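Chains, contacts and geometry: an overview
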Amino acid sequence: MATLTHAGFRCIVEKFGGCDEYYTEMINAGSFVNGGPFEKYYVIPDPVPSKVVWQLTGKDTAHMAQAAAMLALLPGIGVDINMGCSAPDIMNSGAGVSWMLKPVEETREMVREVKAALRTADERGGAGRRLSVKLRLGGEDFTDDGFFAFTDMLVSEGVMQLALHPRTSREKYRLPPRWEYVERLALRYEGERVTVVLNGAVHDEQSMNAALAAAPHCGGIMIARGAAEYPWIFAELGAALNHTRFACTIDRERTALDFIDMLEKYQPEEFLKTRMQRFFAYYCLGFSFAHYFQTQMLNAKSPDDARERVRDYFRREAGDKLLISNSGV
């Protein structure tokens, strides 16, 4: 997620056991290729470089291919093309879900050039980086035939993983995700060494079970907002899937303070306020006085101010400090 899945946030998730793959924030291809002043912060691979997926966005085929070649030489699993972001500024720039709405041959050319760049990087010392795509169902006028023809094109061009957020470009979070499309996609490529990942509306064990009931053949689950609210969610859900127990006393005050520390360690001063706001907009939701805590944190003027606001909240609401998790079987 933009302004959230940076190295500092990943460190907080990893403290609770982490997850299988960490997608970075969207890296703008043009800015990265041209040496933008902030791009170095987007490509920090901490805390587990081997788990990183470099998420790429952009409107220009040449920049996308050049950026992919550069990213392929960094540690990690591979490069992901974002075709799922429907934020107006991303769509209007010709990036994100716009790649699903352009003439298909234009998108095919971009994917082909990115794949070729990864192959060239392999020949020059890369490590066989995976090419994946995050996508939606398409525009409001999408059809089943059009959607599956599009994903067939992606697979034919060498895309090895598809993470589907099964909503259209305008549905945002208003309507439930259509998880059945994840299942249909997984069955379509069963046996073809293509992994289909479910994304959308999984935030606890109950929603995970509902998602897996609808898409039992999916190869994984991608979680975004839920991980910001509960950075230990991967450990809890992993225990449920593996029929083990996640027994942990979570110090939620310490987690909030650790996040601020990691933010200062990994982000430039210009990013601190927006990154704090993004994280605490979600993290505060699970507390007794969620709106009050959220408002306090969104108004924090600096990391030190944020730390004091965190401490003040837990002085007032000491019962919210410790969360005892004993999930699983």
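See the structure above.
Now for a description of the structure that goes with this document. (Residues numbered from 1 in each chain as written. Predicted model: local features only at pLDDT ≥ 70, side-chain atom pairs only at ≥ 80, totals over all residues. Heavy atoms only, no water.)

For the coordinates displayed, the defined rule picks out 22 aromatic pairs. Each ring, one from Y42 and one from F271, has its centre 6.2 Å from the other, and the planes form 75 degrees; the classification is edge-to-face. Note that Y42 is positioned in helix α3 (residues 39-42) and F271 in the loop between α13 (252-266) and α14 (272-283), a separation of 229 residues in sequence. Judged by relative accessible area, F271 falls into the buried class, the value being 10%. For the ring pair F259 and F280, a centre distance of 5.9 Å and an interplane angle of 90 degrees mean the geometry is edge-to-face. Here F280 lies in helix α14 and F259 lies in helix α13, a separation of 21 residues in the sequence. Both residues of the pair, F259 and F280, count as buried. Among the aromatic residues, those joined into a cluster by ring pairs are F9, F259, F279, F280, Y283, F287, Y292, F293, Y313 and F314. Taking the ring centre of F271 as reference, the NZ or CZ of R275 above it sits at 4.1 Å. (Phe/Tyr/Trp six-rings, centres within 6.5 Å; stacked < 30°, edge-to-face > 60°. Helix = DSSP H or I, 4+ residues; strand = E, 2+ residues; numbered from the N terminus. Buried < 20%, exposed > 50% of the residue type's maximum accessible area, 1.4 Å probe, protein only. Lys NZ or Arg CZ within 6 Å of the ring centre and 35° of its normal.)

As a volume, the second largest pocket reaches approximately 230 Å³. Lining of the second largest pocket is provided by 14 residues; of these, M100, F142, G146, F147 and F150 occupy positions nearest its centre. At the level of elements, α6 (98-101) and α8 (144-156) are the ones that each hand at least two residues to the lining of the second largest pocket. If you tally residues by element for the lining of the second largest pocket, the top one is α8, at four residues. A per-class count over the lining of the second largest pocket returns eight nonpolar, four polar and two charged. (1 Å grid on protein atoms, 1.4 Å probe; cavity = no way out; pocket = protein on both sides within 12 Å on 5 of 7 lines; lining within 4 Å. Points joined across faces, edges and corners; volume = space filled by probe spheres on them. Nonpolar A, V, L, I, M, F, W, Y, C, P; charged D, E, K, R; others polar.)

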